[in-house]
Amino acid sequence: VHRSSYFNTFDQPAAVEKFRRLTGAIHQHETKVVLQMAHNGAQFQANFETPWGPSVVPSPRTWYPPHEMTVPEIKEVIQAFGVAAARARDAGFDGAEVLGAHGYLVAEFMSPFFNRRKDEYGGDLENRLRFPLELLQAVRRAVGDDYTIGIRISGDEMFEGGLTLDDMVGIAPILASQGKVDYINVTMGTYRSPSVVIDSMYYPLGSAIYCAAAIKAVGDVPVIGRGRVLDPIQAEEILAKNQADLVGMARALIADPDIPNKARQGKL
């Protein structure tokens, strides 16, 4: 969403029209498409420049000490998320999702490990949530109340000093309060715990679903669960147990893109 992250895609003059071609092609197949909006924070050097972060705490993805963002820079990135959401709507996306997981910038501000600021954007939980809450408010203002906005969070960052499931059970309802988001997409890990970001075949089925279930139990917005969900029967069991409202599948769909159609036809 911003030059300090990677490529600010929506700053390119023809971006909205090109994305509109993409969403139009997807909509021909009677499916919805949601754009995920991200700022990489300390985890990526944009154009080989110093990465931005809430504090000078490097990420194992680069180990390059980030630039501690000033308050005007924080406001600039917040505005950039709003602009990206508005352009996502113009481009025909059915919703926009804020990436607040996996140790990227939004997650870094929430985490006491990464966020060691002494101003109004750091310190206690209220201050650490100020950035994501102002960001979500900016996104909501940009698109209005009749547009789907979600946020993806790590239910457990899975490293010493990171946010735990107990922390996130308290944080998630605050993020969802006052109509800021329509759903929460729950994953796990950061690049200090990379094996759970994309959990391998050695992990048990439904490896991160317990995080979604815990957050669903304390909230009143739909929750997406993921983590080694490989077939429709397993997915249906997750829904039947009320562990999630929606189920995310990635590698299963790469292996067999027809899984949803087969499930609809009872070809399990």
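Computed from a predicted model, the values in this text were never measured in an experiment.

K.L.:
I would appreciate a short explanation of the overall build of the protein chain in the present structure.
P.N.:
Regarding its fold elements, the protein chain presents ten helices and eight strands. Since a compact globule built from 268 residues should have a radius of gyration of about 18 Å, the 18 Å found for the protein chain is in line with a globular shape. Along the three orthogonal principal directions, the C-alpha set of the protein chain runs to about 55 × 45 × 35 Å. When each of the 268 residues of the protein chain is scored for burial, the buried share is 49%. Partitioning the contacts of the protein chain with sequence separation of at least 6, the portion at a separation of at least 24 is 66%. Accessible area for the protein chain stands at about 13,000 Å²; split by element, carbon and sulfur atoms hold 54% of it. Taken together, the 27 basic and 32 acidic charged side chains of the protein chain have centroids lying 3 Å from each other.

K.L.:
Is there a simple way to explain the pairing of strand β6 (residues 183-187) in this structure?
P.N.:
Remark: a regular strand shows side chains that alternate across the two faces of the sheet. Most of β6 is tucked away: five of the five residues are buried. Covered by surrounding structure in β6 are Tyr 183, Asn 185 and Thr 187 together with Ile 184 and Val 186, the residues of both alternating faces. In the sheet, strand β5 (residues 148-154) pairs with β6 via five bridges, with the strands oriented parallel. Within β6, the position partnered with Ser 154 by the bridge is Thr 187. Here β6 runs beside strand β7 (residues 223-225); their pairing, made up of three bridges, is parallel. Among the inter-strand pairings, Val 186 is bridged to a residue of β7, identified as Gly 225. A crossover connection joins β6 to the parallel β7 through helix α7 (residues 209-216); in handedness this β-α-β unit is right-handed.

K.L.:
Explain the packing of helix α6 (residues 165-176) against α7 here, please?
P.N.:
For any two helices packed against each other, the geometry comes down to the angle between their axes and how far apart the axes lie. Two elements in contact, α6 and α7, have axes whose closest approach is 9 Å; the angle formed by their N-to-C orientations is 40°. Classed by the angle they form, the pair α6 and α7 counts as oblique. Of the two elements, α6 crosses α7, and the hand of that crossing is right-handed. In this structure, α6 uses Leu 165, Met 168, Val 169 and Ala 172 to contact α7, whose residues at the interface are Tyr 210, Cys 211, Ala 214 and Ile 215. Its residues assigned to classes, the contact of α6 with α7 comprises eight nonpolar, no polar and no charged.

Conventions and cut-offs
- Residues numbered from 1 in each chain as written.
- Predicted model: local features only at pLDDT ≥ 70, side-chain atom pairs only at ≥ 80, totals over all residues.
- Heavy atoms only, no water.
- Helix = DSSP H or I, 4+ residues; strand = E, 2+ residues; numbered from the N terminus.
- Rg over C-alpha atoms; globule rule 2.2 N^0.38 Å.
- Buried < 20%, exposed > 50% of the residue type's maximum accessible area, 1.4 Å probe, protein only.
- Contact = heavy atoms within 4.5 Å.
- Areas by Shrake-Rupley, 256 points an atom, 1.4 Å probe, with all protein chains shown as cover.
- Lys, Arg positive; Asp, Glu negative; His and termini not counted.
- Charge placed at Lys NZ, Arg CZ, Asp CG, Glu CD.
- Pairing = 2+ DSSP bridges.
- Right-handed = clockwise from strand over helix to strand, strands pointing away.
- Axes fitted to C-alpha atoms, helices over the stretch in contact; angles between N-to-C directions.
- Parallel < 35°, antiparallel > 145°, perpendicular 65-115°, else oblique.
- Left-handed = near helix turned anticlockwise from the far one by under 90°.
- Nonpolar A, V, L, I, M, F, W, Y, C, P; charged D, E, K, R; others polar.

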